[in-house]
Every structure is written in C-alpha cells, then in structure tokens.
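Each chain, written out:
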Amino acid sequence: MALICATLVRALVLSAAFAGALTPVRCLSEDGNQLPENATKELSPELLSLLRQKKMPKHSPIILRVFKEEAELEVWKQDTTGHFQILKTYPICRWSGDLGPKLHEGDRQTPEGFYTITPKLMNPNSNFYLAINIGFPNAFDKANDRDGTFLMIHGDCSSSGCYAMTDEQIGEIYALARASLSGQPSFQIQAYPFRLTPANLARHRTNPNMAFWKMLKIGSDHFEATHLQPKVEVCDRRYVFDAQPPSNSTNPLVFDPAGRCPAFVVNLKIARAALVKQRADEVEYAQLVKDNVPVAPIYSGLDGGMNKVFPARFPSKIVSLAIVLPPGSGSELPQLPAIPWTDNDGSLANKFFGALLGSNPASQRHVPSTDSTMHGRAADPATTASSAAPITRPAFPD
C-alpha cells in the first residue's frame, strides 16, 4: 500500500511539473512586476529573416540615429564583422519644437546629441504604448545648464519634446532594443537636426545653432567613416569623440564635463578615415556657398513636423508654435520677421509654414553673406589636440 501511495505522489508531482512547463511564462521587470504583453513581444519572423540576410546576430548592439528635418529614425545593428550596418529606417510620426537642441523644461524642443540608453531607461508601462527614455539631460546638457525631463521615443504619434512613432513602429524598435540590451549593458542614440550633409549645412548656414551642429558632425563623421560606434566623452562643456591617452602618457584619461579637457589624441584609424570625409565635405560646402544656394528659415513658426507619409493620416498634428507656447508660458518665441521656406528641400513643417503664409516659395529668398568655410572651422578633436596644456599633436599627419 505504501509503495502504491509513493508511486501516486510521484506521478502527481511529475504531472504538476509538466503542466507548469506548458504554462506560458510572463516576463518580469527589474522590480519583479509583471511586464505587459506588448513589452515582451519577440522579433517578427520577417525581421529575424532580415537579420539573417544582413548577417546580424539577434542580440548584437544597435545604434538609433534620429533626423528631425527628414523625420526619420534609423536602426543600425552590428553585423558579424563587428561593424554597424543599416537595418531599417522608420518614418517619424511626430516631433515637436523646431530645429535646434533642447535647452529648458517646457520649450517643447526635442533633444539633439549623443545619449546612452540602459535597461532602466526602457519604459514598458508608458502611457504612449511603449517608451525609450532618451536620457536627457546627459553630461553635456548638464554642463551647459540645460534641463528637462521625460524626453522619450514613444508611440501614439503625439509629442511634447519627444520623438513619437506609431504604436506598431515603437513595438518593433522596442523589441530590437530589448534584444540588444540582453547582450550588452547599453546602446547609443544619436539625435541630429537633419542629415549633416554639405547640402543641408549650406542651407542652414545662418542658423545660430550651427556651432553646436558642427560639433555633432564630428561624431557623425566618425561613425559614417568607420561604421563603428563613437566613444563619447564630455569636457570643457563640449563633446569629444574616440579620445585616447597620448602615447607618452601612463595615466588614464579623466574627463570633467565642465572642466578643462585632458591632453588626448584620437584613435589613428578613426581619425584618418574621418579626416578624409571632413575634407571632402569642406570642398563641397564651399562650392555650395559660392553658388549662393538658398537658405532655409531659421524658425518655421510651427510646432515640429512629421514624415511626409503621415499628414493624410493625422491632418491636425502640425500646429503653430504660438498656439502651444502662448505669451507668458516661460518659453517665448523669437521676435523675428516670418521667413517662408525658400527651396524644395525644406522640412515638412517649413513647407506648411510657407503655405500658411500664402507665399510663393520662390518669390522670397533669404541669402546671407558668409564665408565659404564650412560653418566656421573650430577645434575638432579629430584634427586637433585638446586645449589643455601641454598641447598634444593629433595622431595623424596634416
């Protein structure tokens, strides 16, 4: 009898274990709470097939590159060679503010710069379907007295300082980010005002943010020339990319975001590749300025923009900044005369602005008098040493 009972107990235990194995497992967050289903979806069969085609391991690192004016978000992923290649480009459904960095809470600006995303910045319980906190303010933003909170890439196509996607898009981007974070502690976001091509820089050459954009271009050039993730540091309240100690130094580099930069050089292979690109861009930019290409307006007068595939679907999403930032809000609009867009390459927001003014885009031109050097040459960590003494020469020939 005892033997029969023991056998029965073992059978019940095994049955319970087998039933438990068949029960779907729900993922838990870091605090032990159950995650919503939309935050735990696996990559689709189509996306997995694309990864195999491009020889990109499922859990390899990703980089997100965001371009405001074009309203596009690119996902780059590391392939089996160790280099990043483009995986997919997503049209951005909505971004707010205007071209230029975020400065202060409530200005509706979407951030521009380089940001590091850790698992703690992934929000599976967002009111906007899913969200990835950009990490603003970063060390550069804080060193320059910039402030703001909860700046995201999220769903719902609604933005107040965020890059808003459709729910379907953010679901896929979130799944790619989650897969990447299972293999490494973080991934990088690069947020730009537009693609930093000579043509775009020439169009925006009168914009007061040009010095900041020029600094971002250094990091962008490092990435585009090598397809390697740039190593980002901050010192002297500026970004520094791919810095390493001089050959005669035995001390590790220490960067103080608000303090003087230490003596450093740039990785030789990266510096050479970036320099070739930068010099070619300088030549093209100079010719465009010489040809007096039309200049884009500094301010569009509208609250952000969206990719051209979305206006028919969301016709009421683009509104005047004067509506969302009324007088007395603490974020006053610049007191400048309205300048309609002047060429066929402007952002969707600028094109709407021209239509609202009832102006002929070709009838008015805002043409500045500038020199032909690309947006003013300044200290470039890829071509000059830091300002700290003793001065260290760059790690490549002039």
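What counts and what doesn't
Residues numbered from 1 in each chain as written. Predicted model: local features only at pLDDT ≥ 70, side-chain atom pairs only at ≥ 80, totals over all residues. Heavy atoms only, no water. Helix = DSSP H or I, 4+ residues; strand = E, 2+ residues; numbered from the N terminus. Expected span 1.5 Å × (residues − 1). Buried < 20%, exposed > 50% of the residue type's maximum accessible area, 1.4 Å probe, protein only. Contact = heavy atoms within 4.5 Å. Polar contact = N/O pair within 3.5 Å; in protein donor to acceptor, adjacent residues only side chain to side chain. Salt bridge = Lys/Arg side-chain N within 4 Å of Asp/Glu carboxyl O. pLDDT = per-residue confidence, 0-100.

S.K.: Looking at this structure, how should I read helix α7 (residues 268-290)?
M.R.: Side chains of residues three or four places apart in an α-helix project in the same direction, reflecting 3.6 residues per turn. For α7, built from 23 residues, the straight-helix expectation of 33 Å at 1.5 Å per residue is met to within 8% by its first-to-last C-alpha distance of 33 Å. Turning to α7, its buried residues number three or more, namely Ile-270, Ala-271, Ala-274, Leu-275, Lys-277, Gln-278, Asp-281, Glu-282, Tyr-285, Leu-288 and Val-289. In the core, the buried residues of α7 are packed alongside α5 (198-203), α6 (210-226) and β14 (265-266). For α7, the N-terminal capping position is held by Asn-267, with its side-chain oxygen 3.2 Å away from the main-chain nitrogen of Lys-269. Of the residues trailing α7, Asn-292 is marked for its positive phi of about 60°.

S.K.: It is not clear to me how the pattern of salt bridges should be interpreted in this structure. Could you clarify?
M.R.: Should the charged atoms of two oppositely charged side chains come close, the side chains can pair. Scanning the entire structure with this criterion turns up 15 salt bridges. Taking the shortest distance from any N to any O, the salt bridge between Lys-277 and Asp-221 comes out at 2.9 Å. Of this pair, Lys-277 sits in helix α7 while Asp-221 sits in helix α6, and the two are 56 residues apart along the sequence. With respect to burial, Lys-277 and Asp-221 carry one shared label: buried.

S.K.: Would you explain the environment of Arg-195 in this entry?
M.R.: Note that Arg-195 resides in the loop between β10 (187-192) and α5. Judged by its relative accessible area of 23%, Arg-195 falls in the partly exposed class. Remark: the alpha-carbon pair of Arg-195 and Glu-72, spanning 123 residues in sequence, is separated by 9.8 Å. Apart from residues no more than four positions distant in its own chain, Arg-195 is found in contact with Phe-67, Glu-70, Glu-72, Glu-74 and Asn-200. At a separation of 2.4 Å, a polar atom in the side chain of Arg-195 contacts the side chain of Glu-72.

S.K.: Sorry if this is basic, but what is going on with the confidence of the model for the protein chain here?
M.R.: In low-pLDDT regions, the fine details of the predicted coordinates are not to be read closely. Looking at the protein chain, pLDDT values average 80 and 71% of them are 70 or higher. Every residue in residues 329-372 is under pLDDT 50, and counting partners more than four places away or in other chains gives 76 contacts. The model gives residues 375-398 a pLDDT under 50, and that stretch makes 63 contacts with residues more than four places away or in other chains.

S.K.: What am I meant to see in unusual backbone geometry here?
M.R.: Generally, phi is negative for residues other than glycine and the peptide bonds are trans, each holding for most cases. For the bond running from Phe-136 to Pro-137, omega is 0°, close enough to zero to count as cis. Mapped onto the secondary structure, Pro-137 falls in the loop between β7 (131-133) and α3 (139-143). Despite not being glycine, Arg-108 has its phi angle at roughly 65°, a positive value. Considering the arrangement of structural elements, one finds Arg-108 in the loop between β4 (94-95) and β5 (113-117). Phi at Phe-150 is positive, roughly 55°, even though this residue is not glycine. When you line up the elements, Phe-150 lands in the loop between α3 and β8 (152-154).

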